[in-house]
Amino acid sequence: MSIEKINIVRFAPKGNSSFIDTLTDRVRDYFQTSGISPYANGGMWRKTIVMILCYCIPYALIIGSAGSGNIWLFWLFWFLMGCGTVGIGTSIMHDANHGTYSPNKKVNAFLGHILEVIGGYSVNWKIQHNLLHHTYTNIDGLDEDINTIALLRLSPRQQWYWFHRYQHLYAWFFYMCMTLFWMTAKDYLQVVRYKQLNLLIKQKVTLRKAIFDITWYKLFYYAYVLVLPLMLSGQPWYFVLTGFVIMHLTAGFILACIFQPAHIIPDATFPEPTVKDGKRHIKDSWAVHELVNTANFAPNSRLLSWLIGGLNFQIEHHLFTNICHIHYRRIAPIVKEIAEAFGLPYHVKPTFWKALTDHAKMLKILGKNQLHYQS
């Protein structure tokens, strides 16, 4: 598949006086009349400092041998680093690599590279997340968030195997392993595939440079996150390695619990492109497609929203990737109002638990090979 083949999937025209045009005008008016910027505010900068400290302080305690006399305390520090990884990823890196942290591109680029500090590679992330996921949400073969290992069936359009009937039980283990795979093999496998798809071109990077950069970033990451604790923590190597795994299992599990209930739910449509005149089409416009395949959860939980970078407002994030997450709560009522005025669904789960149980329900439905969706 080449980039040309990816791009022949076309959404329906948005039309005159469309949902997204009306919504965009209302949201623009909100910022103008409020006299505020759609980028980060003071609260966002303070939050950034807190999230970085949530990662750095436990790390400093680890290499400072603070937990050398108590293995449970030592592992607690690694667990907190896993939570800090999530905080940095959802509250800093995510906005910066969307270009919404600051109107200054250099500031966004600088903060976006914090992903490399916690073990990832921002070029791959921008392709997978910004380009593929945000453009082709829940479209099998294009959205890499649902195209994963064969053991998981995350779309009714995917091949069914007998073991999928148990995936609602075992999927959570593979979710936990997500960042471990990311830190080791995923970035290399992705960058080779993106080269084959001609997706590295827009990022202005060659395959050779990408592999070189990934390798050095990984060496830096493992040097400070594993080698230094092995040398300075006062703990045996197997306790340090266990701590490292705890950190990643924690981060992977929390991240999956944030992102999966936003899209892989019974309410989503998972559309199959139809072929017309040799080209593939989606019946809805892009904005409507995003709306019907995305859900919010726990909108009244300010603490949860603060902790996960406002990503419980996934609808607002998908429709307005050019707005910092700190503003999602305020624009959500506008989005809901306009969606209802156009007769469109606005999926909201009242609690985080309800969102998780709906996702588990969807895993069970997909495990039974029930293809009950119509394009």
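Up top is the structure these notes are about.
My aim in this report is to walk through the structure given alongside it, one point at a time. This structure is a prediction, so every number in the text was calculated from the model and none was measured.

As for its placement among the helices and strands, His 318 is situated in helix α14 (residues 314-319). Assessed through its relative accessible area of 1%, His 318 is described here as buried. Side-chain polar atoms of His 318 contact the side chain of His 263, separated by 3.1 Å. Only 2.7 Å separates the side chain of His 318 from the side chain of Glu 290, close enough to count as a polar contact.

Turning to the side chain of His 317, a few remarks are in order. When you line up the elements, His 317 lands in helix α14. Here His 317 falls in the buried class, since its relative accessible area comes to 2%. For His 317, the side chain forms a polar contact with the side chain of Tyr 328, separated by 2.9 Å. The contacts of His 317, once residues within four sequence positions are left out, are His 94, His 98, His 129, His 134, Leu 311 and Tyr 328.

A few words now on the packing of aromatic side chains. In total, this model carries 23 aromatic pairs according to the counting rule given. With centroids separated by 5.0 Å and ring planes inclined at 70°, the aromatic side chains of Tyr 30 and Phe 31 adopt a geometry described as edge-to-face. In this structure, Tyr 30 and Phe 31 share a single accessibility class: buried. Aromatic pair Tyr 222 and Phe 244: ring centres 5.9 Å apart, planes at 45°, arrangement tilted. With Tyr 222 in helix α10 (residues 207-232) and Phe 244 in helix α11 (residues 237-263), this pair connects stretches of sequence that are 22 residues apart.

Using the criterion set out here, one finds 9 salt bridges in the structure. Between Arg 28 and Asp 25 there is a salt bridge, with the nearest N and O atoms lying 2.9 Å from each other. Residue Arg 28 and its partner Asp 25 are located together in helix α2 (residues 19-34), separated by 3 residues, close to a single helical turn. When its relative accessible area of 41% is taken as the criterion, Arg 28 is described as partly exposed.

About the criteria used
Residues numbered from 1 in each chain as written. Predicted model: local features only at pLDDT ≥ 70, side-chain atom pairs only at ≥ 80, totals over all residues. Heavy atoms only, no water. Helix = DSSP H or I, 4+ residues; strand = E, 2+ residues; numbered from the N terminus. Buried < 20%, exposed > 50% of the residue type's maximum accessible area, 1.4 Å probe, protein only. Polar contact = N/O pair within 3.5 Å; in protein donor to acceptor, adjacent residues only side chain to side chain. Contact = heavy atoms within 4.5 Å. Phe/Tyr/Trp six-rings, centres within 6.5 Å; stacked < 30°, edge-to-face > 60°. Salt bridge = Lys/Arg side-chain N within 4 Å of Asp/Glu carboxyl O.

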